[in-house]
Amino acid sequence: MSKTDNPQHSRRSLLAAGAGAAATLLASRAGAGGNPANQPPNVPEWTRVLGDGVAVRPYGKPSKFEKDVIRRDVEWLTASRESSVSFTPLHELEGIITPNGLCFERHHGGIAEIDPADHRLMIHGLVDRPLILTLEELKRYPRVNRIHFMECAANSGMEWRGAQLNGCQFTHGMIHCVQYTGVSLRTLLEEAGVKSSGKWLLVEGADAAAMDRSLPIEKALDDCIIAYKMNGEALYPEQGYPMRLVVPGWQGNLWVKWLRRIKVGDRPWHTREETSKYTDLLPNGKARRFSWVMDAKSVITSPSPQAPIKHGKGFTIISGLAWSGNGKLKRVDVSLDGGRNWRPARLDGPILDKALTRFYYEFDWNGEPLLLQSRVQDETGYVQPSKAELRKIRGVNSIYHNNGIQTWHVQANGEVENVEVA
Amino acid sequence: MSKLPRLLSLVMLGLAIGTPALAQSKADAKVGPKYNIGRAPTPEEIRGWDIDVRPDGQGLPEGKGTVAEGEKLFMDNCSSCHGEFGEGNGRWPVLAGGKGSLTSDNPVKTVGSYWPYATTVFDYIRHAMPYGNAESLSANEYYALVAYVLYLNDIISDQNFELNNKNLAATKMPNEQGFIMDDRSTAERSFWQTNPCMKDCLGPVKITSRAMAIDVTPDDSKGGKSRGVE
């Protein structure tokens, strides 16, 4: 247990610690660890002594015992942290809402720290009435509240050539799901009056990359939001404070943060982020462009490499997440034998359009090794493909849109590894 | 609602070749103003922020710059990351080379081997470069930098060539025809099923690939090597 007691241990030992803990706990009849002085029949210190009063913690944060529930990055992926990604710790979370401080980050020029008094949103181009708005003015428009997942198109992009990163935080953690409050983009476009020739929008951020993307008018008028709140409070700076674009079901790169400008035009711009990046190279050398929709995908978040089974055989909960950029889910199935046989999972909690859905499969584990998989079908009938099926069409160099079925190998000692099977 | 995005992609396909958009949503977008909140930006305000450039040249500012001028700017502002010849230092983006590599096991996607439009280079550099000092150069300097990057990729061959707002959009890129519209709804039609298999779907399976054998999961005490995304 020494590894788990040391807060300074490395990330690798953190992963290993789970497995070590599992072995230790299996040997212990109590199976709970900790300090016996605080356990029955004794009365612990926190029962005898008063704790902190109200407002000592004016903005609450998680228990100090949850210090390992943090975003992590993969240093070798990128040249600098200002243009890089950190991953949501999916293996530690439950339900469907991602806490604001744990939402994965993807920046191209670092976090813009914007004083809302100086932020402006400009809408111009092929409109009858160009507009410039402050945050306070944006908040005067009618509000909508929507829960949506947001997934980077490169989520699982490191896994195209085989199992590589050992943890669902790293294989699947470029996703989050929060409730947004903001203004329907349609409302603002109607206010500005889009000319009949207006077919595309350029959306642009105010950060040091001034990220720009082209968005087709049909999507803009359908369900996009200019959000200023997430989970009830102001957007966090790393999520685009004071305002960002929400493009439900579509790749995260389009959800421009620190949104400063919307220009209406009659053709797409073919910006760097929709040509050099976020295009999907196929084996014949051609690349798909404008592959906006995030197809249906699922992953078991626990057990997983960072969340091993610590209790040994017996009643066991498999917990996971599923989602689709094409709407709601129809079903999720779980396999214990690498995809030979499937059993329906239980969907629990809300099943929303283009949002994460939580699923469970509960069973009596006999302690034998497992090859865990999950497979989602969305309401359009789309069934999450195997990685082999994806590679047959796309090869291994498309980087983006890897929604193949994930396999976790659970060993007899409860340790879990990212593997592929055939 | 559920099928809308798929249908939309088809509509987009239509749009890309000039089919009229859905009449209903256009009509709906014309109502207003309803709230009268906010004001019109001034021409000066728009001019200061209106920096996007399209493949047809719309948005290009007046200006000009030569390859030779660009080379000096590149050495001063860009080469510490991208290398003197655009070869990329460490994990910083490679800007040149990679010709003919797109069908290989290790595609090298550079301005010359992959980018479809020269205007995109201008738009991107003007938005985001120099890294850490964005939107700091003059239009002439951006033209010069783009000229040098195109020169590194053999798209411009003369050191004295002057790139400007008249000839940039006409500069053809080798991979312009290398892109297709998202075709997942047809090319991957087999992923839509009525009843997914539940029993005896495969023969016995074996583990074919293991993350722990690759050993690149983050570890504070050692580095790792990339075979993934940039």
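Conventions we followed
Residues numbered from 1 in each chain as written. Chains lettered and ligands numbered in written order. Predicted model: local features only at pLDDT ≥ 70, side-chain atom pairs only at ≥ 80, totals over all residues. Heavy atoms only, no water. pLDDT = per-residue confidence, 0-100. Contact = heavy atoms within 4.5 Å. Helix = DSSP H or I, 4+ residues; strand = E, 2+ residues; numbered from the N terminus. Buried < 20%, exposed > 50% of the residue type's maximum accessible area, 1.4 Å probe, protein only. Lys, Arg positive; Asp, Glu negative; His and termini not counted. Salt bridge = Lys/Arg side-chain N within 4 Å of Asp/Glu carboxyl O. Buried area = accessible area lost by both parts, 1.4 Å probe. Polar contact = N/O pair within 3.5 Å; in protein donor to acceptor, adjacent residues only side chain to side chain. 1 Å grid on protein atoms, 1.4 Å probe; cavity = no way out; pocket = protein on both sides within 12 Å on 5 of 7 lines; lining within 4 Å. Points joined across faces, edges and corners; volume = space filled by probe spheres on them. Nonpolar A, V, L, I, M, F, W, Y, C, P; charged D, E, K, R; others polar. Pairing = 2+ DSSP bridges. Axes fitted to C-alpha atoms, helices over the stretch in contact; angles between N-to-C directions. Disulfide = S-S within 2.5 Å. Phe/Tyr/Trp six-rings, centres within 6.5 Å; stacked < 30°, edge-to-face > 60°.

Before going further, it helps to examine the confidence of the model for chain B. Residues and elements named next belong to chain B. Summarising the model, chain B shows a mean pLDDT of 87, and 81% of its residues fall at 70 or more. Here residues 1-24 scores under 50 on pLDDT; set against residues more than four positions off or in separate chains, the count is 38 contacts. Taken together, the stretch residues 220-230 has pLDDT below 50 and engages in 22 contacts with residues farther than four places along the chain or on a different chain. Across the interfaces of the predicted complex, the ipTM metric reaches 0.91, alongside a pTM of 0.90.

What follows is about the side chain of Asp-207 of chain A. Residues and elements named next belong to chain A. Here Asp-207 shows up in the loop between strand E8 (200-205) and strand E9 (212-216). Notably, Asp-207 is buried but unbridged: the nearest opposite-charge side chain belongs to Arg-260, and the N-O separation is 7.4 Å. With sequence-adjacent residues up to four places away left out, Asp-207 is seen in contact with Gly-109, Gly-110, Ala-112 and Trp-258.

All right, on to the interface of chain B and chain A then. Every contact between the two is made by 106 residues of chain B and, on the other side, 131 residues of chain A. Between chain B and chain A, a total of about 10,500 Å² is buried, with carbon and sulfur atoms accounting for 55% of that surface. Scanning the region where chain B abuts chain A turns up 13 salt bridges. One salt bridge connects Arg-288 of chain A with Glu-188 of chain B, and the closest N-O pair in it is separated by 2.9 Å. The tally of links between chain B and chain A comes to 58 residue pairs in polar contact (both at pLDDT 80 or more).

Residues and elements named next belong to chain A. Enumeration over the complete set of coordinates arrives at four cavities of 30 Å³ or more. By volume, the largest cavity amounts to about 200 Å³. Of the residues in the lining of the largest cavity, the class split is eight nonpolar, six polar and four charged. Each pocket or cavity is described by its volume, and for the second largest cavity that value is around 50 Å³. Lining the second largest cavity are Leu-90, Leu-93, Glu-94, Gly-95, Ile-96, Ile-97, Thr-98, Leu-321, Leu-356 and Arg-358. Residues that form the lining of the second largest cavity fall into these classes: six nonpolar, two polar and two charged.

Our focus in this paragraph is the pattern of salt bridges. In the structure shown here, the tally under the stated rule is 42 salt bridges over all chains. The closest approach of N and O atoms between Lys-139 of chain A and Glu-136 of chain A, which form a salt bridge, is 4.0 Å. Counted as one network, the salt bridges with shared partners bring together Glu-204, Arg-260, Arg-261 and Lys-263 of chain A together with Asp-50, Asp-52 and Glu-135 of chain B.

It is worth spelling out the sheet that holds strand E3 (residues 105-107) of chain A at this point. Residue and element names in this part refer to chain A. In space, the three strands of this open sheet follow the order E1-E2-E3, with antiparallel pairing throughout. On the outer flanks of this sheet lie strand E1 (72-73) and E3, each paired with one strand and no other. Alignment of E1 against strand E2 (residues 84-87), held across two bridges, turns out to be antiparallel. Directly across from Arg-72, in E2, lies its bridge partner Phe-87.

Mapped onto the secondary structure, Ala-40 of chain B falls in the loop between helix H2 (23-29) and helix H3 (43-49). Classification of Ala-40 of chain B as partly exposed rests on a relative accessible area of 48%. Excluding residues that lie within four positions of it along the chain, Ala-40 of chain B makes contacts with Pro-130 and Ile-132 of chain A.

Time to look at the sheet that holds strand E17 (residues 314-323) of chain A. Residue and element names in this part refer to chain A. The four strands are arranged E16-E17-E21-E20 in an open sheet whose pairing can be described as antiparallel. The open sheet has two free edges, formed respectively by strand E16 (297-302) and strand E20 (346-348), since each of these has just one partner strand. Adjacent strand axes in the sheet meet at a mean angle of 35°, parallel and antiparallel pairs treated alike. When E17 meets strand E21 (residues 357-365), the two strands line up antiparallel, connected through nine bridges. What sits directly across from Ala-322, in E21, is Thr-357.

A word on the state of the cysteines. In total, this model carries one disulfide over all chains according to the counting rule given. In this model, Cys-197 of chain B is linked to Cys-201 of chain B through a disulfide, with the two sulfur atoms separated by 2.1 Å. Taking the sign of the S-S torsion, about -100° here, the bridge from Cys-197 of chain B to Cys-201 of chain B comes out left-handed. Judged by its relative accessible area of 26%, Cys-201 of chain B is partly exposed. The thiol sulfur of Cys-168 of chain A is not disulfide-bonded, and the nearest other cysteine sulfur, from Cys-103 of chain A, lies at 15 Å. For Cys-168 of chain A, a relative accessible area of 0% gives the class buried.

Residues and elements named next belong to chain A. For the coordinates displayed, the defined rule picks out 19 aromatic pairs over all chains. Ring centres of Phe-149 and Trp-323 lie 6.4 Å apart, and the angle between their planes is 50°; on these two criteria the pair is classed as tilted. One end of the pair, Phe-149, is in strand E6 (residues 144-151); the other, Trp-323, is in strand E17, with 174 residues separating them in the sequence. Classification of Trp-323 as buried rests on a relative accessible area of 0%. With 5.3 Å between their ring centres and 40° between their planes, Trp-200 and Phe-290 make a pair best called tilted. Placement of Trp-200 in strand E8 and of Phe-290 in the loop between strand E15 (287-289) and E16 is noted, with a sequence separation of 90 residues between them. Taking the relative accessible area as the measure of exposure, Phe-290 reaches 5% and is therefore buried.

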